[in-house]
Amino acid sequence: MAAPYDLKDDSVVVIIGSGAGGGTLGNELAQKGIDVVILEAGARHEYEDFINDEWDSFGQLAWVDKRTTSGDWRVAKDFPNLPAWIVKSVGGSTVHWAGASLRFQEHEFKDLTHYGKIEGANLLDWPITLAELEPYYAKAEDKMGVTRTNGIEGLPGNNNFKVLKAGADKLGYKECHTGNMAINSADRDDRMSCQQTGFCFQGCKWGAKWSTLYTEIPKGEATGKLEVRPNSMVQKIEHDKSGKVTGVVYIDKDGKQQLQKARIVAVAGNSIESPRLLLNSESSMFKDGMANSSGQVGRNYMRHTTGSVYGIFEKPVHMYRGTTMAGIIRDEARHDPSRGFVGGYEMETLSLGLPFMAAFLDPGGWGRSFTSALDQYSNMAGLWIVGEDMPQENNRITLHKDEKDKHGMPIANVNFSDHPNDIAMRDHAYKQGVALYEAVGATRAFPTPPYPSTHNLGTNRMSEKAQDGVVNKHGQSHDIKNLFVSDGSQFTTGGAENPTLTIVSLAIRQADYIAKEMAAKAI
Amino acid sequence: MVTIFNRKAAPPGRVEKSGISRRDLLKRGGTLSLGALLVISGNAIIHPQAAWGLETSNLKPETMASLLQLARDIYPHDQIPDRFYAIAIKAYDTKAGTDADHKKLIEDGIANLDQKAGKGGYIGLSWEDDRLALLRGIEETPFFQTVRGGLVTGLYNQKDIWPYFGYEGESYSKGGYIARGFDDIEWL
């Protein structure tokens with residue numbers, strides 16, 4: 001059923017990446033009768049192939065191709081070649097994601113307006129409003145089966161949630177529930193309901209969690225208008241004399257270089273790979289990289305202000321049982337500068353298995369303060385902080401000057417340093433998290449540092465004016481009409497919310513726009 | 001290959017692949033007794049009480065015995081038997097077979113610790129605090145970081161160790177926890 005397209009077919013839309021952005025865009029276009037080729041760098045692992053084992057699964061799914069790091073973030077010291085924990089597999093990071101699906105708040109589309117100019121931050125308003133995106137949020141929530149929307153019940157609370165909720169009640173937090181999760185609480189969309197297995201990050205073996213791998217992609221393929229080519233690593237986007245893109249050069253599954261012609265190219269390789277590809281697509285016409293007249297490609301890299309807090313109790317919790325992130329407190333997500341920072345943060349349940357807890361509890365740590373915490377693993381509860389971080393021009397993805405991957409493409413360097421606002425927010429959140437667990441009787445509560453980034457955002461940002469960003473309100477390059485960005489790299493600012501729902505909503509909206517422009521022969 | 005024997009799996013009276021019985025071992029001249037726990041014989045370190053042995057192929061057995069103590073000092077879990085630490089450090093011995101730099105790093109690192117510890121070497125320091133004082137002086141060295149870093153997966157990713165921490169591992173084959181206590185907390 002999946003349509004194989006010819007390499008010379010220049011009528012196709014080529015999408016690079018098959019995750020939340022690329023996979024959704026591919027299906028949406030295919031449903032409209034548009035021919036699509038998705039080139040995915042990773043292999044295709046179906047959900048029955050997933051592994052309930054943290055390190056084995058990491059080996060199967062994670063993007064472990066070498067990257068380098070710089071800046072003052074602790075990840076650069078602890079995991080110098082693993083800045084991000086994201087996926088290289090069909091479905092992209094929707095295989096690994098936790099399922100939390102939150103809409104941005106209205107003010108988070110207008111940071112500059114609401115927060116004002118902040119020293120060191122490259123703040124800008126999005127060129128769209130919440131009201132403009134709301135119809136697409138609604139479509140995305142229905143598509144993904146988000147709980148507490150469309151009459152879908154919330155997930156049942158697991159032990160980790162119950163501890164969180166008890167602490168939230170003690171602290172007087174009002175908005176605490178099992179989340180808006182793209183995880184089936186009952187059978188829906190030919191997928192079964194959550195079985196509380198607890199390996200959400202390792203790929204849901206039941207298919208209960210929405211992933212493009214077993215929703216958007218097979219639906220698109222069933223139209224006969226979508227071909228997904230796994231193990232296809234794109235190196236360069238080509239263009240003609242007029243500056244329009246004409247195709248992409250990629251390494252195929254057999255290690256051979258190929259050229260796929262295209263009418264339109266959409267880049268959706270995540271906020272590290274997407275700017276890497278644009279920067280590597282430099283030419284005599286585009287000396288600083290493709291779509292980069294603003295100089296903003298690769299800049300304003302955001303990763304959310306994150307961190308975790310764990311509490312140890314006298315009696316068992318077994319936090320790893322059940323849906324990993326079905327628990328949220330939203331009270332701190334508001335913008336309230338009286339706390340000493342702009343923007344806000346969410347607190348969400350989190351647990352890691354013992355092997356990853358050992359790796360992430362205190363990277364580099366050793367001795368009895370470390371091991372005595374691990375000894376209490378079964379009596380532990382955990383939460384994750386996800387807050388808005390400040391876009392900064394020098395937090396950026398660049399091409400490494402010397403090091404290249406096995407096919408000769410320069411690897412990416414990820415430079416990141418915290419903004420003072422990020423630090424103030426994280427400290428506030430750590431304090432609240434510790435207070436929350438102590439309120440429930442924790443005998444010990446402690447923060448853990450940010451893990452390698454799972455939310456990578458902002459490196460090809462949207463802007464009203466071409467001079468301020470890379471793409472317009474439709475994710476279309478300011479410089480090149482038939483070049484689009486379809487992943488989280490188009491975020492102007494990051495909001496406090498897990499980004500996937502917004503990425504999917506933008507992709508649905510972008511598909512409408514692309515179809516309209518194609519019909520009008522504008523692209 | 002890590003050769004770890006336990007009482008149930010090993011043939012009666014045998015604790016080591018080459019056929020040395022525990023009694024033979026204890027009688028044999030030329031063995032080196034390391035505290036009350038470990039015995040070195042030929043190219044193996046042997047734990048007579050727990051009845052396991054660890055063959056070394058590339059590192060000196062004395063080095064492996066010190067590594068075992070070092071591993072316990074870096075990630076001390078008093079409820080975890082030595083054999084899990086032995087499995088974890090076997091990886092350094094294996095790597096030493098193909099990587100001369102690694103072999104030198106480990107051998108020199110242990111020799112340095114022994115030298116700093118004085119008579120009796122690192123393993124001869126009976127008090128944990130004395131050993132930790134030495135380790136704090138070398139914790140930034142590539143030697144220490146190599147040993148520590150390897151243990152993070154070498155120790156904690158052993159499935160057989162997880163029950164000691166109350167971690168249940170794989171759950172899909174058991175139908176997840178939907179009927180097995182995902183929400184069974186009662187003390188709140």
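Placed above this text is the structure.
To start, this report covers the structure provided alongside it.

### Things to note about the overall build of chain B
Here's step 1: When its secondary structure is counted, chain B shows 7 helices and 4 strands.
Here's step 2: In sequence order, the secondary structure elements of chain B are arranged as α-β-β-β-β-α-α-α-α-α-α.
Here's step 3: Each of the 188 residues in chain B was classed as buried or not, and the buried ones make up 45%.
Here's step 4: Nonlocal contacts in chain B, meaning residues at least 24 apart in sequence, comprise 56% of its contacts between residues at least 6 apart.
Here's step 5: For chain B, the exposed area adds up to about 9400 Å²; of that, 52% sits on carbon and sulfur atoms.

### Section: empty space enclosed by the protein
Here's step 1: This model, assessed by the stated rule, comprises 6 cavities of 30 Å³ or more.
Here's step 2: Its volume calculated, the second largest cavity comes out at about 140 Å³.
Here's step 3: Classifying every residue of the lining of the second largest cavity gives 7 nonpolar, 7 polar and 2 charged.

### Points about the nonpolar core
Here's step 1: Of all hydrophobic cores here, the largest spans 205 residues; its most connected members are I237(A), Y437(A), L483(A), L67(B) and L70(B).
Here's step 2: At 11 residues, the largest contribution of residues to this core is made by helix α12 (residues 500-519) of chain A.
Here's step 3: Residues contacting L483(A), with those up to four places away along its chain left out, are I237(A), V245(A), V265(A), V267(A), L278(A), M290(A), A291(A), G475(A), Q476(A) and S477(A).
Here's step 4: Counting 6 residues, the second-largest nonpolar core is a separate cluster that includes I118(A), A121(A), L123(A) and M390(A).

### Focus on the packing of helix α5 (residues 130-144) of chain A against α12(A)
Residues and elements named next belong to chain A.
Here's step 1: Where α5 contacts α12, the axes come no closer than 8 Å and their chain directions differ by 110°. With respect to their mutual orientation, α5 and α12 come out roughly perpendicular. Residue-level inspection shows E132, L133, Y136, Y137, K139, A140, E141, K143 and M144 of α5 in contact with α12, the latter providing T500, L501, T502, V504, S505, L506, I508, R509 and D512.
Here's step 2: Here the residues of the contact of α5 with α12 sort into 9 nonpolar, 3 polar and 6 charged.

### Remarks on the packing of helix α3 (residues 82-96) of chain B against helix α4 (residues 100-117) of chain B
Residues and elements named next belong to chain B.
Here's step 1: One can describe the packing of α3 onto α4 by two numbers: an axis separation of 7 Å at closest approach and a directional angle of 130°. When the interaxial angle is binned, α3 and α4 end up oblique. Seen from α3, the contacting residues are Y92, K95 and A96; seen from α4, they are H102, K103 and I106.

### Quick word on the pairing of strand β5 (residues 226-229) of chain A
Each regular strand shows side chains that alternate between the opposite faces of the sheet.
Residues and elements named next belong to chain A.
Here's step 1: Covered by surrounding structure in β5 are L226 and V228 together with E227 and R229, the residues of both alternating faces.
Here's step 2: In this structure, strand β2 (residues 36-39) lies alongside β5, joined through 4 bridges in parallel fashion. For L39, the partnering residue across the bridge sits in β5 and is R229.

### Some details on the pairing of strand β8 (residues 257-261) of chain A
All names here are of chain A.
Here's step 1: Relative to β8, strand β7 (residues 245-251) is paired through 5 bridges, and the arrangement is antiparallel. Bridge pairing in β8 links G247 to K261.
Here's step 2: Linking two consecutive strands that pair antiparallel, namely β7 and β8, is a turn of 5 residues; a positive phi of about 85° is found at G255 within it.

### With respect to the interface of chain A and chain B
Here's step 1: Across the boundary between the two partners, chain A contributes 44 residues, which contact 40 residues of chain B.
Here's step 2: A combined buried area of about 3600 Å² lies between chain A and chain B, and 62% of that area is made up of carbon and sulfur atoms.
Here's step 3: When the area that chain A buries against chain B is broken down by residue, the three leading residues are R321(A), W366(A) and R368(A), summing to 21%.
Here's step 4: One can count 26 residue pairs in polar contact (both at pLDDT 80 or more) joining chain A with chain B.
Here's step 5: Listing elements by their share of the side of chain A that touches chain B, those giving two or more residues are α2 (54-61), α6 (159-171), α9 (354-360) and α10 (368-374) of chain A.
Here's step 6: In terms of residue class, the side of chain A that touches chain B is made up of 20 nonpolar, 15 polar and 9 charged.

### Re the packing of aromatic side chains
Here's step 1: A complete count under the given rule lists 35 aromatic pairs over all chains for this structure.
Here's step 2: One aromatic cluster is present, built from ring pairs that chain together W55(A), F58(A), F79(A), W85(A), F201(A), F356(A), F360(A) and Y451(A).
Here's step 3: Looking at K205(A), its charged tip hangs above the ring of Y172(B), at a distance of 4.7 Å from the centre.
Here's step 4: Just above the ring of F416(A) sits the side chain of R303(A); from NZ or CZ to the centre is 5.9 Å.

### Thoughts on the pattern of salt bridges
Here's step 1: Counted under the stated rule, the structure contains 39 salt bridges over all chains.
Here's step 2: Salt-bridge contacts for K143(A) lead to E216(A); the nearest nitrogen and oxygen are separated by 2.7 Å. With a gap of 73 residues between them, K143(A) in helix α5 and E216(A) in helix α7 (residues 216-222) connect regions that are remote in the sequence. Comparing K143(A) with E216(A) shows no difference in burial state: the two are buried.
Here's step 3: Of the charged contacts in the structure, one is a salt bridge between D78(B) and R368(A), with a shortest N-O distance of 3.1 Å. Here the residue D78(B) occupies a position in the loop between α2 (61-74) and α3, and R368(A) occupies one in helix α10, the pair thus bridging two chains.
Here's step 4: Of the residues examined, D78(B) reaches a relative accessible area of 61% and is grouped as exposed.
Here's step 5: Of the residues examined, R368(A) reaches a relative accessible area of 35% and is grouped as partly exposed.
Here's step 6: The network of salt bridges with shared partners includes R67(A), E273(A), R276(A) and D405(A).

### Quick word on the layout of surface pockets
Here's step 1: Its volume calculated, the largest pocket comes out at about 530 Å³.
Here's step 2: Residue lining of the largest pocket: 25 residues in total, with D78(A), F79(A), P363(A), G364(A) and R148(B) positioned closest to the centre.
Here's step 3: Contributing elements (two or more residues each) for the lining of the largest pocket: α2, α3 (75-78) and α9 of chain A together with α6 (142-154) of chain B.
Here's step 4: Take the lining of the largest pocket: its biggest share by element is 5 residues, from α6(B).
Here's step 5: Looking at the lining of the largest pocket residue by residue, the classes come out as 14 nonpolar, 5 polar and 6 charged.

### Side note on the sheet that holds β2(A)
All names here are of chain A.
Here's step 1: Read across the open sheet, the 5 strands follow the order β5-β2-β1-β9-β17; overall the sheet is parallel. Whereas interior strands pair on both sides, the edge strands pair on one side only; in this sheet they are β5 and β17 (483-485). Direction aside, neighbouring strands of the sheet carry axes that sit 20° apart on average.
Here's step 2: As judged from the 4 bridges shared by strand β1 (residues 13-16) and β2, these two strands associate in the parallel manner. Counted as the bridge partner of V14 is V37 from β2.

Rules used throughout
- Residues numbered from 1 in each chain as written.
- Chains lettered and ligands numbered in written order.
- Predicted model: local features only at pLDDT ≥ 70, side-chain atom pairs only at ≥ 80, totals over all residues.
- Heavy atoms only, no water.
- Helix = DSSP H or I, 4+ residues; strand = E, 2+ residues; numbered from the N terminus.
- Buried < 20%, exposed > 50% of the residue type's maximum accessible area, 1.4 Å probe, protein only.
- Contact = heavy atoms within 4.5 Å.
- Areas by Shrake-Rupley, 256 points an atom, 1.4 Å probe, with all protein chains shown as cover.
- 1 Å grid on protein atoms, 1.4 Å probe; cavity = no way out; pocket = protein on both sides within 12 Å on 5 of 7 lines; lining within 4 Å.
- Points joined across faces, edges and corners; volume = space filled by probe spheres on them.
- Nonpolar A, V, L, I, M, F, W, Y, C, P; charged D, E, K, R; others polar.
- Core = buried A, V, L, I, M, F, W, Y, C linked by side-chain atoms within 4.5 Å.
- Axes fitted to C-alpha atoms, helices over the stretch in contact; angles between N-to-C directions.
- Parallel < 35°, antiparallel > 145°, perpendicular 65-115°, else oblique.
- Pairing = 2+ DSSP bridges.
- Buried area = accessible area lost by both parts, 1.4 Å probe.
- Polar contact = N/O pair within 3.5 Å; in protein donor to acceptor, adjacent residues only side chain to side chain.
- Phe/Tyr/Trp six-rings, centres within 6.5 Å; stacked < 30°, edge-to-face > 60°.
- Lys NZ or Arg CZ within 6 Å of the ring centre and 35° of its normal.
- Salt bridge = Lys/Arg side-chain N within 4 Å of Asp/Glu carboxyl O.

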